[in-house]
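This is what each chain is made of:
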Protein chains: 2
Amino acid sequence: MRRTPVGRQTRAARGIPEATVARLPLYLRALTALSERSVPTVSSEELAAAAGVNSAKLRKDFSYLGSYGTRGVGYDVEYLVYQISRELGLTQDWPVVIVGIGNLGHALANYGGFASRGFRVAALLDADPAVVGATAAGLPVRHMDELESIVESQQVSIGVITTPPGAAQQVCDRLVEAGVTSILNFAPTVLTVPDGVDVRKVDLSIELQILAFHEQRKAGEEPEDEEPAEEPVRERAPGPVRAAAAKLRRAASGGKETKGETDRQAVLPA
Amino acid sequence: MRRTPVGRQTRAARGIPEATVARLPLYLRALTALSERSVPTVSSEELAAAAGVNSAKLRKDFSYLGSYGTRGVGYDVEYLVYQISRELGLTQDWPVVIVGIGNLGHALANYGGFASRGFRVAALLDADPAVVGATAAGLPVRHMDELESIVESQQVSIGVITTPPGAAQQVCDRLVEAGVTSILNFAPTVLTVPDGVDVRKVDLSIELQILAFHEQRKAGEEPEDEEPAEEPVRERAPGPVRAAAAKLRRAASGGKETKGETDRQAVLPA
DNA sequence: TAGATTGTTAATCGATTAACAATC
DNA sequence: TAGATTGTTAATCGATTAACAATC
């Protein structure tokens, strides 16, 4: 996707796969721990175990960065820490704004891993006058009105959105307009951004739903309903009839079934 | 990966790809919004736009669930909400424990999207006597000692870990031992679990680092250091020499470089 | 019947993995 | 030199996408 030979000529490092990029922080964390224990070198096998991946994947990942290992020996911990840090852009300082200082914004402002790794909270912003002026993590909460001036004066390129879902797109638009080009979105909202802006999302509800899916599988696949047994080959009733049927099922599904090892009530999301 | 024909015979739905499972919650969210606006039917094109994916992917995803659409018409919103909810296991109620009631645990306990979608906070747990007894989101914080009895008596199968990193594995072990088989980990720790236990992780620091990587790319790839230009073809000095060189570079890299459009200080993660 | 839209096919792309030659 | 471990190859697997026949 990303194909941005903006600067000078493209070097090998340009083509690092997304899946690899997403694992570099894991390797870096494991390496940092080794570094703190003054471990001088580490093999792909050991490091992979510490990072929770297999060693073939790790070596493949590192091969995109260059040949930083020594055959028969392993990797120099300090050197790798430095190379990965540089590859990830962590040899710079990245000022970040957090917009929406509710419970979650508060938690993030206080998050330790934030300050390390080169990320610095440039400002906390909120639209609520009752919150503005309060202090979180030693920083004053400032009003949304200051968003543009802060982003510009402090060269903020990363914004974190922890607003209620209804405000997220609007906040996102303002951040982008002001010059932010990377957004980490904690609001359960699909954000629309122009080309060149990256959005990553963190969504508790989605993670839980994925876990629930697998949990249900593990629980043994008993019927959760009256007639689910041969459900894929269901008859094709016209839409409205189906909807009515669904409603009936929903109404009927309250607290009926009992799973083998559990006894959970049937509940549909609101 | 997951191949668990635990219950009776395997039906088509067994083989839903992970990537599809991860998108079902997105579709469900978009459908719920349509449902609330009383929209009766939706095309793959419209729904895909609302969920932020392309329509071919959406149709492919839905094809794993069954044939729930009507050619020439689209999908019945209510019916799809029901089918996806059931597929994800959301027609049941899932009691969840949150362990570690710091800022983040607090925020999660208060998170609205938690209570909807069938997830219910069964208990908040903390090891710190100073926190135990306090109230968060209307629930008392209980002591870790009660973990086992709560998990067993309330049939909790999902645990959320929001402890400091040092405590995460230990908490994880206790959860698993008590019977929890799905874990959502917010601590920046690689958790080791037995087969049959699912772990998903949410890691702010990793997300920010991935954004920083792309941000750096966008910024145009100027040298962040003295000699990075032909860095992939670097000479292969033996480990210790490399490490020393790296340290030199680290020491030297403080506040030197100036990017084209930014002026950030060079900082290495702690 | 004509128009619309699904469900599926097949091609392509990207990620994972095992195996092993290269080489320290 | 012998043992260890990297870096790379090639096979496999899974995910994405465009296109279109099926069919409402």
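Residues numbered from 1 in each chain as written. Chains lettered and ligands numbered in written order. Predicted model: local features only at pLDDT ≥ 70, side-chain atom pairs only at ≥ 80, totals over all residues. Heavy atoms only, no water.

*Asks:* Before we move on, can you summarise the UniProt feature "domain: CoA-binding" (unreviewed entry) in chain A with the specific residues and values?
*Replies:* Here, the residues flagged by UniProt with the feature "domain: CoA-binding" (unreviewed entry) are residues 89-190 of chain A. Counted over residues 89-190 of chain A, helix gives 32% and strand 28%. Its end C-alpha atoms are 27 Å apart. (UniProt positions renumbered as here; feature names shortened; annotations may be inferred. Helix = DSSP H or I, 4+ residues; strand = E, 2+ residues; numbered from the N terminus.)

*Asks:* Lay out the protein's contact with DNA strand D with the relevant residues and their values.
*Replies:* Residues in contact with DNA strand D amount to 26 residues; listed here are only the nearest, A:S44, A:G69, A:Y75, B:R23 and B:R71. Counted by atom, the contact set of DNA strand D within 4 Å of the protein is 67% sugar and phosphate. A:Y68 is positioned with one of its backbone polar atoms (N or O) 3.4 Å from a phosphate oxygen of DNA strand D. A distance of 3.5 Å is found between a base nitrogen of DNA strand D and a side-chain nitrogen or oxygen belonging to B:R59. Broken down by secondary-structure element, the contributors of at least two residues to the surface near DNA strand D are α3 (55-65), β2 (69-70) and β3 (74-76) of chain A together with α1 (18-36) and α3 (55-65) of chain B. Broken down by element, the residue count for the surface near DNA strand D peaks at four residues, all from α3(B). A class-by-class count of the residues in the surface near DNA strand D yields six nonpolar, 11 polar and nine charged. (Near = heavy atom within 4 Å. Polar contact = N/O pair within 3.5 Å; in protein donor to acceptor, adjacent residues only side chain to side chain. Nonpolar A, V, L, I, M, F, W, Y, C, P; charged D, E, K, R; others polar.)

*Asks:* Tell me about helix α2 (residues 44-51) of chain B, residues and numbers included.
*Replies:* Residue and element names in this part refer to chain B. Buried within α2 we find S44, L47, A48 and A51. Along the long axis of α2, the arc covered by the buried residues comes to 100°, so they all point the same way. Residues of α2 that are exposed and point over 90 degrees away from its buried face: E45 and A49. Buried residues belonging to α2 abut α1, β1 (41-42), α3, β3 (74-76) and α4 (77-88). Within two residues after α2, G52 carries a phi angle of roughly 80°, on the positive side. (Buried < 20%, exposed > 50% of the residue type's maximum accessible area, 1.4 Å probe, protein only. Arc of directions from axis to C-beta. Contact = heavy atoms within 4.5 Å.)

*Asks:* Explain the sheet that holds β2(A) residue by residue, including any values.
*Replies:* Residue and element names in this part refer to chain A. Taken together, the three strands give an open sheet; going across it, the order is β1-β3-β2, and neighbouring strands pair in antiparallel fashion. Lying at the two open borders of the sheet, with one neighbouring strand each, are β1 (41-42) and β2. Relative to β3, β1 runs antiparallel, the two being bridged by two bridges. Bridge pairing in β3 links V42 to Y75. Lying over the sheet, helix α4 (residues 77-88) contacts β1 and β3, oriented at roughly 70° with respect to β3. (Pairing = 2+ DSSP bridges. Axes fitted to C-alpha atoms, helices over the stretch in contact; angles between N-to-C directions.)

*Asks:* Help me get a handle on the UniProt feature "DNA-binding region" (unreviewed entry) in chain A, residues and values and all.
*Replies:* UniProt's feature table lists "DNA-binding region" (unreviewed entry) at residues 26-65 of chain A, given in the numbering used throughout. Secondary structure over residues 26-65 of chain A splits into 75% helix and 5% strand, and the C-alpha atoms at its two ends are 15 Å apart.

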